[in-house]
Amino acid sequence: MLLAAEAGRYGLRTALVETAASTSDQPKANTVHARALQSLARHGYREVLPEHGASDNTAMFHFAGIDGLAITSPEHEPPPVAKCPQAVLERAFEQHARARGVHVLRGCRATQISRTRDHAHLTLQSERGSHRISADYVAAADGAHSSIREQMGFTKDFRAPRISALLGVVRFADPATAPAGWHRTRRGWTVARDFGNGYTLIRAITFAGTPPDRRAPVTLGELQREASYILGRDLKMTDALHLRRFSDVSTLAHRFLDGRVALVGDAAHTHFPIGGQGLSTGIQDALNLGWKLAHCIRGTAGKDLLETYDEERRQAAQRVIDNTRAQAVLMRPDPELDPLRDLFTGLIRHDKDQNHLAAAISAQDTRYAPRTKGASPLEGTFLSNRPLVTEDGRSTSVVELLTEGRPLLLLSGPGADSTHRAQSRAWNTVVRTVSVRPDAGLPQEAVLVRPDGYVAWACDSADSLPEALRVWFGEEP
Ligand SMILES: Cc1cc2nc3c(=O)[nH]c(=O)nc-3n(C[C@H](O)[C@H](O)[C@H](O)COP(=O)(O)OP(=O)(O)OC[C@H]3O[C@@H](n4cnc5c(N)ncnc54)[C@H](O)[C@@H]3O)c2cc1C
């Protein structure tokens, strides 16, 4: 949905094919992390961002169920963690997609894909029958069991599950019997939180292998038995709104892009849903791919621009998989792990310099590989938001200037203006150039920012600017 909304923003003729007739409220992701929120802010999705409060730039989170992890976001950025159901985001993005002219085909399944040199072809099945569409590009965001990924022969790393987990939104006969929050015993974990209207969302997680049939429907009795076993006492659940199974199965496609077909979100990567990172990773995939596709289709992309989607996002997904695997190990009920958990508890709660874990969970450590010759150390880093005043006295900010969706050349300081403007003139229809007053504290006099907020090039001198523009956006349009 988000990628469709982005394609719509760039005026690409886009169809979104979705099997479900409407958005499901079945609980799934509920946490969105700092870098995903910062990226959504730069693309103008303000309505899904949490409200700012005075002391909101630190949020307390957990690592492997050990609480006390302080995640901090820079000043002028959204709060670092948002609690927002996946369904709310999906509806908001769908509204944007529709308003921007995307054809949203709900109740429609993509059953087959094939590829010719210049197009990808999909067979669609709906209650009105079967038909075929052809497109310049297909982005498969069809979830963990992606049939497009399988049909296209994308290979993947696959790690079989070791954890078996059940989730339910249930009522308890006696509310006091479900401990709130993350609870570890010698047999596993329960994780419980209030779901409103007398319901509790409970997860029961065990580490003794997976059930014989991972697709078998969960029953209330099974969840009750499993949670009672973990807690070592009888729990009585009376009714359930939702029940599902999940595990720590992890997959990582070896390529996120194959010519005209890209994988996005869970279709490209899956992992144990610990620390709420799956949805945030998918959001960043979509925001990384959208502008690159637009430049490719419009003919304003440098060589291999689309390939950078694969390189950048696959590495980011690998890091997420690695940290969720580390968390899964730390969560094992085995007493052998107690000293290691104690060590991590100390590091998380008492070490002021816990930035490494917090940056990993929030993806604020994301840094993409530089692409220009003699690149500045800034290249590939995320330019944090800051207030700016343009040369003609208008107040603005990095976030505000990026919401147009165009690459941004920010110029500040005495040396930067006429030479940089002259060097970049040929790309004026592609890149938006803005001169700001020098007190903005920009790290260099000239910074070229990608539409997703990462630095494409930065330098005080203008000499290497045309080459950088060519690398990213092709020859002079
Ligand atoms: C219990 C649990 C808790 C989680 N908690 C969090 C959390 O707090 N934070 C977080 O970031 N992540 C969390 N996750 C992970 C998160 O839910 C996923 O990463 C996220 O759903 C991935 O989104 P997606 O759009 O890639 O795939 P999906 O949400 O699976 O969407 C795929 C869509 O494709 C459609 N589709 C499938 N096949 C076809 C087809 N052939 N034709 C047309 N349409 C098709 C489906 O109907 C579906 O709507 C959690 C996951 C679980 C299981």
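Read on for a plain summary of the structure. (Residues numbered from 1 in each chain as written. Predicted model: local features only at pLDDT ≥ 70, side-chain atom pairs only at ≥ 80, totals over all residues. Heavy atoms only, no water.)

Comments concerning the overall build of the chain
Using the following cut-off: By definition, any uninterrupted DSSP run of H or I lasting at least four residues is a helix, any uninterrupted run of E lasting at least two residues is a strand, and each is numbered from the N terminus. For every residue, the accessible area obtained with a 1.4 Å probe (protein chains only) is divided by the maximum for its type, and the residue is called buried under 20%, exposed over 50%, and partly exposed between those limits. We call two residues in contact whenever any of their non-hydrogen atoms come within 4.5 Å of each other.
The secondary structure content of the chain amounts to 12 helices and 26 strands. Dimensions of the chain along its principal axes, counting C-alpha atoms only, are 75 × 60 × 40 Å. Relative to its full complement of 477 residues, the chain shows a buried share of 53%. Contacts in the chain between residues at least 24 apart in sequence constitute 71% of all its contacts with a sequence separation of at least 6.

Considering the sheet that holds strand E20 (residues 269-270)
Sheets are built from strands paired through backbone hydrogen bonds, the pairs being either parallel or antiparallel. Quick reminder of the rule: The criterion for strand pairing is that DSSP finds at least two bridges linking the strands in question. Note on method: axes are straight lines fitted to C-alpha atoms, helices fitted across the in-contact stretch only, with angles between N-to-C directions ranging 0 to 180 degrees.
Strands sit in the order E11-E17-E20 across an open sheet of three strands; the sheet is antiparallel. The open sheet has two edge strands with one neighbour each: strand E11 (156-159) and E20. Note that strand E17 (residues 250-253) and E20 share two bridges and pair antiparallel. Bridging across to E20, Thr 251 finds its partner in Thr 270. Against the sheet, helix H7 (residues 307-330) contacts E11, E17 and E20, and its axis sits at roughly 165 degrees relative to E17.

Structural notes on the pattern of salt bridges
The condition is simple: Salt-bridge detection follows one rule: a side-chain nitrogen of Lys or Arg within 4 Å of a carboxyl oxygen of Asp or Glu.
One pass over the structure, following the stated rule, counts 29 salt bridges. The closest approach of N and O atoms between Glu 6 and Arg 9, which form a salt bridge, is 3.0 Å. Of this pair, Glu 6 and Arg 9 are both found in helix H1 (residues 2-9), three residues apart, which corresponds to roughly one turn of the helix. Relative accessible area serves as the criterion here: at 1%, Glu 6 is assigned to the buried category. Here Arg 432 ties to Glu 404 by a salt bridge, and the two come within 3.5 Å at their closest N and O atoms.

Things to note about the sheet that holds strand E8 (residues 120-126)
Spatially, the three strands line up as an open sheet ordered E7-E8-E9, and their pairing is antiparallel. Because the sheet does not close on itself, it has two edges, and the strands there are strand E7 (109-115) and strand E9 (129-135). Adjacent strand axes in the sheet meet at a mean angle of 20 degrees, parallel and antiparallel pairs treated alike. Bridge count between E8 and E9: seven bridges; the pairing is antiparallel. Of the residues in E9, the one forming a bridge with Leu 124 is His 131.

Quick notes on a nonpolar patch on the surface
For clarity, the cut-off: Each patch is built from salt-bridge-free residues with over 30% relative accessible area, joining like charges within 9 Å and nonpolar side chains (Val, Leu, Ile, Met, Phe, Trp, Tyr) within 5 Å. Areas reported here follow the Shrake-Rupley algorithm with a probe of radius 1.4 Å; residue values treat only the protein chains shown as occluding.
A contiguous nonpolar surface patch, about 260 Å² in accessible area, is contributed by Leu 340, Leu 343 and Leu 347. By the secondary structure assignment, Leu 347 is in helix H8 (residues 338-350). Its relative accessible area of 40% is what places Leu 347 among the partly exposed residues.

A short note on the packing of aromatic side chains
Selection criterion: Paired rings are identified among Phe, Tyr and Trp, the last through its six-membered ring, by centres lying within 6.5 Å, and are further divided according to the angle between planes into stacked (under 30 degrees), edge-to-face (over 60) and tilted (the rest).
Scanning the model with the defined rule gives eight aromatic pairs in all. Each ring, one from Phe 63 and one from Phe 344, has its centre 5.9 Å from the other, and the planes form 10 degrees; the classification is stacked. In this pair, Phe 63 is assigned in strand E3 (residues 58-63) and Phe 344 in helix H8, connecting sequence segments 281 residues apart. On the numbers, 6.5 Å between centres and 25 degrees between planes, the contact of Phe 246 with Phe 272 is stacked.

Some points on empty space enclosed by the protein
Going by this rule: In this analysis, the protein atoms alone were mapped onto a 1 Å grid. Cavities are point sets where a 1.4 Å probe fits without being able to get out; pockets are open sets with protein on both sides within 12 Å along at least five of seven lines; lining residues have an atom within 4 Å of a point. Grid points are joined across faces, edges and corners, and a volume is the space filled by probe spheres set on the points. Amino acids are sorted into nonpolar (Ala, Val, Leu, Ile, Met, Phe, Trp, Tyr, Cys and Pro), charged (Asp, Glu, Lys and Arg) and polar (every other residue, Gly among them).
Within the structure shown, the criterion is met by one cavity of 30 Å³ or more. Here the largest cavity is characterised by a volume of approximately 50 Å³. Looking at the largest cavity, the residues that line it are Ser 39, Gln 284, Leu 287, Asn 288, Arg 313, Tyr 368, Asp 452 and Tyr 454. Counting residues per element, the lining of the largest cavity draws most heavily on helix H6 (residues 278-298), which supplies three residues. Of the residues that constitute the lining of the largest cavity, the class distribution is three nonpolar, three polar and two charged.

A few points about the site of the ligand
Applied cut-off: For this purpose, a residue is taken to be near a molecule or strand whenever a single non-hydrogen atom of the residue falls within 4 Å of it. Pairs of N or O atoms within 3.5 Å make up the polar contacts considered here, provided that, within protein, one atom can donate a hydrogen while the other can accept it, and that residues adjacent in sequence are counted only when both atoms are side-chain atoms.
By nearness alone, 26 residues border the ligand, and Glu 18, Thr 19, Gln 86, Asp 266 and Leu 279 come closest of all. At a separation of 3.0 Å, an oxygen atom of the ligand approaches a polar backbone atom of Asn 30. Burial of the ligand by the protein chains amounts to 81% of its free accessible area of 990 Å². Residue assignment for the shell around the ligand shows that the elements contributing at least two residues are strand E1 (15-18), E7, strand E16 (237-247) and H6. Examining the composition of the shell around the ligand, we find that three residues originate from one element, H6, more than from any other. The class makeup of the residues in the shell around the ligand is nine nonpolar, 11 polar and six charged.

Quick look at the layout of surface pockets
Computed from the structure, the second largest pocket encloses a volume of approximately 240 Å³. Looking at the second largest pocket, it is lined by 15 residues, and the ones nearest its centre are Ala 41, Arg 46, His 52, His 76 and Val 399. Classifying every residue of the lining of the second largest pocket gives six nonpolar, four polar and five charged.

A word on the pairing of strand E6 (residues 103-106)
On E6, burial follows the alternation: Val 104 and Arg 106 on one face are buried, whereas His 103 and Leu 105 on the facing-out side are not. Judged from the four bridges that link them, E1 and E6 form a sheet pairing that is parallel. Considered in E6, the bridge of Leu 16 is made with Val 104.

Considerations on the packing of helix H2 (residues 34-42) against H6
Our working rule: For a crossing to be left-handed, the near helix must be turned anticlockwise from the far one by less than a right angle; the clockwise case is right-handed.
Where H2 meets H6, the axes come as close as 9 Å, and the angle between the chain directions of the two elements is 35 degrees. Note that H2 runs across H6; the crossing there is left-handed. For the pair formed by H2 and H6, the contact residues are Arg 35, Ala 36, Ser 39 and Leu 40 on the first element and Ser 280, Ile 283, Gln 284 and Leu 287 on the second. Looking at the contact of H2 with H6, its residues break down into four nonpolar, three polar and one charged.

Description of H6
Rules: Here a helix's expected span is defined as the number of its residues, less one, multiplied by 1.5 Å.
Taking 1.5 Å per residue, 21 residues should reach 30 Å; H6 reaches 31 Å between its end C-alpha atoms and fits that length. Within H6, 18 of the 21 residues are buried, which leaves it mostly tucked inside the rest of the structure. Positive backbone phi, at 80 degrees, marks Gly 299, one or two positions downstream of H6.

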